[in-house]
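# Inside the fold
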Amino acid sequence: DFTPAMLTLPYPTLCLIIYNTALGLTLSVLYVFFRDMQYLWTVFGQLLMYASAIFYTTDGFSPQLQAVFHLNPVYLCITYFRQIVLYGAIPAWWFHLMMLAYGLLALGIGCVMYKKYNHKFLYYL
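Residues numbered from 1 in each chain as written. Predicted model: local features only at pLDDT ≥ 70, side-chain atom pairs only at ≥ 80, totals over all residues. Heavy atoms only, no water.

### Observations regarding the packing of helix α1 (residues 10-33) against helix α2 (residues 37-51)
- Direction vectors running N to C along α1 and α2 enclose 140 degrees, while the axes themselves pass 10 Å from each other. Between α1 and α2, the contacting residues are Leu23, Leu27, Leu30 and Tyr31 on the first element and Met37, Gln38 and Trp41 on the second.
- Class assignment of the residues belonging to the contact of α1 with α2 gives a composition of six nonpolar, one polar and no charged. (Axes fitted to C-alpha atoms, helices over the stretch in contact; angles between N-to-C directions. Helix = DSSP H or I, 4+ residues; strand = E, 2+ residues; numbered from the N terminus. Contact = heavy atoms within 4.5 Å. Nonpolar A, V, L, I, M, F, W, Y, C, P; charged D, E, K, R; others polar.)

Dropping the structure here:
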């Protein structure tokens with residue numbers, strides 16, 4: 001059923017787009033300079049999937065370990081979607097700010113890395 005909370009679904013989608021753009025900028029730099037990055041990213045992607053609590057909930061973990069999950073931006077997006085779609089509830093305001101902060105921080109790092117090294121791409125390709 002459609003609930004008013006579903007009107008907030010564009011927000012986590014936008015945060016996820018920002019974070020993925022940042023990740024793309026960062027990986028584009030790393031892939032050019034480090035040829036083994038494709039293999040490392042495959043392993044990291046698997047670890048990220050299991051650390052994002054896609055297939056399980058974090059309710060059974062201790063509060064300290066649950067706080068560690070909040071350091072993962074992908075986990076935040078998945079939890080946000082779960083809260084809205086499954087429970088019809090809008091997450092707390094700090095959850096919104098944390099998602100945006102992770103996205104903007106990653107975008108800043110990605111932009112700085114790309115701007116700093118993009119002129120060297122031609123030499124390494």
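### Things to note about the packing of aromatic side chains
- Applying the stated criterion across every chain, the model contains 11 aromatic pairs.
- Pairing tyrosine 56 with phenylalanine 69 gives two aromatic rings, centres 6.4 Å apart and planes at 70 degrees, and the pair type is edge-to-face. In this pair, tyrosine 56 is assigned in the loop between α2 and α3 (63-69) and phenylalanine 69 in helix α3, connecting sequence segments 13 residues apart.
- The exposure class of tyrosine 56 is partly exposed, given its relative accessible area of 29%.
- Phenylalanine 69 sits in the buried class, given a relative accessible area of 10%.
- Seen in terms of ring centroids, phenylalanine 69 and tyrosine 75 are 5.4 Å apart; in terms of plane orientation they differ by 45 degrees. Their pairing is tilted. We note that phenylalanine 69, like tyrosine 75, is buried.
- Connected via pairs of aromatic rings, a cluster forms that spans Tyr11, Tyr80, Trp94 and Phe95. (Phe/Tyr/Trp six-rings, centres within 6.5 Å; stacked < 30°, edge-to-face > 60°. Buried < 20%, exposed > 50% of the residue type's maximum accessible area, 1.4 Å probe, protein only.)

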